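What follows is each chain in one-letter form.
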Amino acid sequence: MDMCTAEATASLLQVEETFLACLARIDALILKPLLQADPSDQKGKENFKLLLLLNDRFQALWNLTEENYRILKQKCSTSESFCTQDVYAVWKGDLFLSLYIQYFVTFANYVVVHGFEHATKSKSEAWKHHKTVLKQFLAGFTSETSMSLALYTVLHKPLRDHIEQYILLLTKLNEVLKEGSEKDVVTSAIKEYVKLESFIRQVLDEACFTKSLWESLGCKFTDMLCVPERRLLEDSKNLHISASTNRSDRILLFDDVLVLIQGNSFQSFDLKLVWVDENCSEKSAPGLYGLRIITPEETFFLSAKDLQIKAVWQWKLNQAVRQALNGKRDFPLWGQTGEGSEPPSCRFFTYVFRLEGKFKSASYEGEWHGGKPHGKGTLKWRDGRNHVGDFKEGLEHGFGICLVPRRSQDRYDCYKCHWYEGKMRGYGICEYGNDMVYKGYFKENVRQGFGILENLSAENPFKYTGQWENDKKNGYGVWEDKDRGERYIGTWLNDHKHGQGIVVTQSGVCYQRTFHADKMVGSGILLLEDDSVYEGNFTEDLTFVGKGKLSFANGFVLEGTFTNKLGQGLQTHGILNTSNEQLDDRITKAQLGLEEFPVEKRWKGIYDQFLEFIHSGCKEETEESFTGFHIQTSKELRKSQEYLFCQRGTEDVSWKIEDILDELVQHQGLESLQSYLEKALKSSLHPLGKLLKALTIAFQATYSGIGANRHLLTMAQEEVKYYAKKIWEFYQGLLHLALEQKGQLPAKCVDGETSDQKACSVVLPLILPCFYPELFMLYMLYHEREDDLYCQGIVDLSLFPDIKLLEFLDVQKHLWPLKDLTLTTNQRRSLIKDKCFLSATECLQKLITTVDPREKLVILQKTYEEIESTVSRVVEKDYKLPMDDLLPLLMYVVSRAKIQHLGAEIHLIRDLMDPTNQGGLYDFLLTALESCYEHIQRMRLHQRENCPVTHSS
């Protein structure tokens, strides 16, 4: 230890020893007598709690000083080498600073509430003999000196003086240290103690400034505004500034609130929710410089005559707001000149609205911007309503979940939907407290557009899928009454069946009528399950009344007037025509709804939303509003409230709109496009996948279950084709938008295909699996009679052995594959079955394994090739089958393949095949298959008595 360092250390040791003695005397002669007080009034009790806290802070400082002194003294006594770590006030500088700050903040709080005045007043007699004590601490103390002022001085001046001594001694120590890390540490400590000195001065100045305010204000304001921790930062009486006309007489800026005093009342504004806007010169009167103050519910102006005064207020306001948001004051309080950043414009805070408006009495917790809820947040009303979601400029905007209590029940309506400028708009799900659920679109807070309403309760369960307008069922829609086992497909007006409608019942009865306010009017057509058809008027319980025509299944027609009197049954006066021997297919297979419900007018509400999404530019933030969100179940949504406060998961990244549009441009080639569309249509996140999902739901609501009626086949078939057309149109719309954003023009169609042909060839095969179960069921029902005859023929033909069947079908003998008839012991060739043309038979059986008409045609072609290959093997040369040879061979393969519902398969392929295949090989082979199917139906095997079917031994 060199001489200079030793002197500095010795000086520090002496300073600490003197300071400790001073602290001990303050504790014994000042604090302990003060702590013996026993206040009885409320104010005194509150001040006494502060005094206790001040004593705790004092004791902590005393203990820390003792620790520093002990370490120093130990080092000096052992003559060990000295380093800065031995100076407790340096290497534990943060702790020193923290304790001094805590002490002086508590001391200032005690000053603000007139703590010393109350303490000396309550103990005035006891303190008279302590004047001599105070003289020991205060050189200028006289009998006229205020006792409270003397206490104030005694409890802060020695500590401030000690900090000054620290700075002087550390400065001397720093001067003798060599350049290096130790010198840097001491230099840094000196700077912090200088800041502490500045901080203490500012804290005490603010406390005295605030104390003076409470003395000048009336008791009413002081009682309501005075808080120990609150500090006055500026007063319009000291630095003149005025509020908006007649707004206030006085403006007070505290460290936590801004207060406007007007007469005997005041308004206070939490600084955490105060925004200061200096750019409001257009609002200020000539010659005045204004500041706009924005709060959650009010905006007003502060005006100064001097630009400098405005600048001071603006700076102080901004610094006070920033420090309030940080939850702590700066160190030192106001920093250096020009120090301190602007408060953030975006904040997170809780506020209770009090003024009239839609948010009155509601508590909002969440993000703010410019004085308004903006971002993620939660609104809660006293009546139980609450809204969690996105806000924009003070209104619900974006996705949100809203709970609304029902008055009559202890239950809630839960809305999970999109909002636009404070109102529900776009896709949403509402779970009503009465067990009803709505999934669909809203506008202006009411159901509007396509939507599904379902009653899940045991009483009167129903489901409506269709169009809404102004919160009511309007337009085309499907209603299923699960109790009655009925489905209504038709138009609505103001929640009533109105206009043309089709009713399908669980028993298979189907009828089409005109409805007016839920009542049937005029005549209609009633299709009964036994193939009878009634045209005329009938009642809701399907009783014939008035004039009508009844066509029976055997071809007879009864036309006349029908009556149904109680106890007498159905009676008629008319003419029975028995000249027809068979029922006309045009009647028994009549197709309903084609003219009444044009396919382009069905489900317009679904298409409109997707079209609007494209026209709006496919913005990422509006995608779910237009196309719906992928979380569908209530359980998922309730668990996903945190979804509102976080970014989307990784699964969404690949289907962001920006990425979708980029990919569309990259996949314009046919093969690449088909692969892309297949992936997009299978995704529940891609707009095209969401569109397909919505159309699938609408299709199933119409044609599944009760709706599986053969009289709706053509409606369903043309609907599926139209779906493909619309999906292709929306794909084109997305592609044009993507190209437009890249400054490119759409490529011209080089293959000459129309939009409808593209939809049929590219899109239809991709979407058909979604509709196939319901659609194929309709085909089976429509062709049920023909398929029954065909199956009967197949059963008869299956009794023939291979050679007998080939002979029966007039297949030329030189084409018979006799080598395939492998014999076992005691087996005759004429009795072997299911061996000839086995590969072709197995190939044709694959027809039922796919739903794609293209793939079914390919299977048919491969079957033809297998037949031709087998024949070529038999005749030992390439052989091209003429039509006369092909039909018997194909009929043989069909009879052995035993495909159920072959008629339904053939007609589905014919109706949905690519139009470009018409007239080609596929068309030829399909026609050949149809001929086989029809020929098998017409067979009268019992007339072929010369062809034995029993096995001989």
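Residues numbered from 1 in each chain as written. Predicted model: local features only at pLDDT ≥ 70, side-chain atom pairs only at ≥ 80, totals over all residues. Heavy atoms only, no water.

Peer 1: Would you mind showing me how to read the overall build of the protein here?
Peer 2: Of the regular secondary structure elements, the protein holds 27 helices and 27 strands. Put simply, the protein has 953 residues, and 50% of those count as buried. In the protein, of all internal contacts separated by at least 6 residues, the share reaching a separation of at least 24 is 53%. Carbon and sulfur atoms make up 50% of the accessible area of the protein, which totals about 46900 Å². (Helix = DSSP H or I, 4+ residues; strand = E, 2+ residues; numbered from the N terminus. Buried < 20%, exposed > 50% of the residue type's maximum accessible area, 1.4 Å probe, protein only. Contact = heavy atoms within 4.5 Å. Areas by Shrake-Rupley, 256 points an atom, 1.4 Å probe, with all protein chains shown as cover.)

Peer 1: How do you make sense of the sheet that holds strand 4 (residues 257-262) when you look at a structure like this?
Peer 2: Either a parallel or an antiparallel arrangement is found when strands of a sheet pair, and the pairing is made through backbone hydrogen bonds. Taken in spatial order, the 4 strands line up as 1-3-4-5 in an open sheet, and their pairing is antiparallel. Both outer strands of the open sheet, strand 1 (232-235) and strand 5 (265-270), are each paired with one neighbouring strand and no more. Strand-to-strand twist in this sheet, taken as the mean axis angle between neighbours without regard to direction, amounts to 20 degrees. In terms of strand pairing, strand 3 (residues 250-254) meets strand 4 through 4 bridges, oriented antiparallel. Within strand 4, the position partnered with Leu-253 by the bridge is Leu-258. With respect to the sheet, helix 9 (residues 181-216) is in contact with strand 1 and strand 3, its orientation differing from that of strand 1 by roughly 60 degrees. Docked against the sheet, helix 11 (residues 307-326) engages strand 1, strand 3 and strand 4, running at close to 40 degrees with respect to strand 3. (Pairing = 2+ DSSP bridges. Axes fitted to C-alpha atoms, helices over the stretch in contact; angles between N-to-C directions.)

Peer 1: I tried to follow the pairing of strand 25 (residues 544-551) on my own but got confused; where do I start?
Peer 2: Across a regular strand the side chains alternate sides, sitting on one face of the sheet and then on the other. In this sheet, strand 25 lies alongside strand 24 (residues 533-538) in antiparallel orientation, the contact comprising 6 bridges. Across the sheet, the residue bridging to Tyr-534 is Leu-550, located in strand 25. When strand 25 meets strand 26 (residues 557-565), the two strands line up antiparallel, connected through 6 bridges. The residue of strand 26 that forms the bridge with Leu-550 is Leu-558.

Peer 1: What's the story with the packing of helix 24 (residues 853-875) against helix 25 (residues 883-897) in this structure? I'm lost.
Peer 2: Between two packed helices, the angle of one axis relative to the other and the distance separating the axes together describe the packing. Their axes nearest at 11 Å, the elements helix 24 and helix 25 cross at an angle of 110 degrees. Taken together, the axis directions place helix 24 and helix 25 in an arrangement best described as roughly perpendicular. Regarding helix 24 and helix 25, the two cross each other, and that crossing is right-handed. Two secondary-structure elements touch here, helix 24 through Thr-863, Tyr-864, Ile-867 and Val-871 and helix 25 through Leu-886, Leu-889, Leu-890 and Val-893. Residue composition of the contact of helix 24 with helix 25, grouped by class: 7 nonpolar, 1 polar and no charged. (Parallel < 35°, antiparallel > 145°, perpendicular 65-115°, else oblique. Left-handed = near helix turned anticlockwise from the far one by under 90°. Nonpolar A, V, L, I, M, F, W, Y, C, P; charged D, E, K, R; others polar.)

Peer 1: Would you explain the packing of helix 21 (residues 784-797) against helix 25 in this entry?
Peer 2: The contact between helix 21 and helix 25 brings their axes to 9 Å, and the two run at 95 degrees. Between helix 21 and helix 25, the angle falls in the class roughly perpendicular. In this structure, helix 21 uses Tyr-790, Ile-794 and Leu-797 to contact helix 25, whose residues at the interface are Val-894, Ser-895 and Arg-896.

Peer 1: Any chance you could explain the pattern of salt bridges here in plain terms?
Peer 2: Pairs can form between side chains of opposite charge whenever their charged atoms are close. Overall, the coordinates contain 42 salt bridges when judged by the stated rule. Note that Glu-117 and Lys-211 form a salt bridge whose closest N and O atoms lie 2.6 Å from each other. Note that Glu-117 is positioned in helix 5 (residues 115-122) and Lys-211 in helix 9, a separation of 94 residues in sequence. You can call Glu-117 partly exposed: its relative accessible area is 26%. The residue Asp-662 makes a salt bridge to Lys-742 at a minimum N-O spacing of 3.2 Å. Placement of Asp-662 in helix 16 (residues 657-666) and of Lys-742 in the loop between helix 19 (713-741) and helix 20 (755-782) is noted, with a sequence separation of 80 residues between them. Using a relative accessible area of 42% as the deciding quantity, one classes Lys-742 as partly exposed. Here the residues in one salt-bridge network are Glu-206, Asp-255 and Arg-329, joined through shared partners. (Salt bridge = Lys/Arg side-chain N within 4 Å of Asp/Glu carboxyl O.)

Peer 1: Hey, could you run me through the side chain of Thr-153 in this one?
Peer 2: By the element assignment, Thr-153 lies in helix 7 (residues 147-154). Its relative accessible area of 17% is what places Thr-153 among the buried residues. Engagement of the side chain of Thr-153 in a polar contact is seen with the backbone oxygen of Leu-149, the distance being 2.8 Å. (Polar contact = N/O pair within 3.5 Å; in protein donor to acceptor, adjacent residues only side chain to side chain.)

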